[in-house]
Amino acid sequence: MVTTAGSAVDQKLRLIDALQHLGVSYHFESEIEDELLNMSSTTDLLSDSNDLNSIAIWFRLLRQQGLHASAGMYVHHACSQ
C-alpha cells in the first residue's frame, strides 16, 4: 500500500505514520523513503489536502527522514485560497 500509485496521499501518510507507531516501519524503510522523496518533490500534495492533520504528519515524516520541508510553502498556499 505504501507504493500503490492510486492511493491518496493522506492515506499513504497515515499508513507510514501507523507503521512507525507500531514499530514495524524498519521492514519498509526503502519503500517509505522512496515515497517520502516523491512527496517532498511536489507541492501538489498541499492542494490535494486541506486536512491540517495530514499536513502536520507530512512535515513530521519528512523532517524525521532528514528531508527539508518548509512550513512557508503551506502557509503561502493556505493564505492564497
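What counts and what doesn't
- Residues numbered from 1 in each chain as written.
- Predicted model: local features only at pLDDT ≥ 70, side-chain atom pairs only at ≥ 80, totals over all residues.
- Heavy atoms only, no water.
- Salt bridge = Lys/Arg side-chain N within 4 Å of Asp/Glu carboxyl O.
- Helix = DSSP H or I, 4+ residues; strand = E, 2+ residues; numbered from the N terminus.
- Buried < 20%, exposed > 50% of the residue type's maximum accessible area, 1.4 Å probe, protein only.
- Axes fitted to C-alpha atoms, helices over the stretch in contact; angles between N-to-C directions.
- Parallel < 35°, antiparallel > 145°, perpendicular 65-115°, else oblique.
- Left-handed = near helix turned anticlockwise from the far one by under 90°.
- Contact = heavy atoms within 4.5 Å.
- Nonpolar A, V, L, I, M, F, W, Y, C, P; charged D, E, K, R; others polar.

Draft legend 1. Molecular detail of the pattern of salt bridges. Counted under the stated rule, the structure contains two salt bridges. Two residues, Glu-35 and Lys-12, come together in a salt bridge whose shortest N-O distance is 3.0 Å. Taken together, the residues span a long stretch of sequence, with Glu-35 in helix H2 (residues 29-40) and Lys-12 in helix H1 (residues 9-22) at a distance of 23 residues. One exposure class covers both Glu-35 and Lys-12, and it is buried. Here Arg-60 ties to Asp-17 by a salt bridge, and the two come within 2.1 Å at their closest N and O atoms. Taken together, the residues Arg-60 in helix H4 (residues 52-64) and Asp-17 in helix H1 connect sequence positions 43 residues apart.

Draft legend 2. Spatial organisation of the packing of H1 against H2. Contact geometry for H1 and H2: axes closest at 12 Å, N-to-C directions at 140 degrees. Put simply, H1 runs oblique to H2. Pair H1 / H2 crosses with left-handed handedness. Taken together, the residues of H2 that come into contact with H1 (itself represented by Val-9, Lys-12, Leu-13, Ile-16 and Leu-19) are Ile-32, Glu-35, Leu-36 and Met-39. When grouped by side-chain class, the residues that make up the contact of H1 with H2 number seven nonpolar, no polar and two charged.

None of this, on its own, says anything about what the molecule does.
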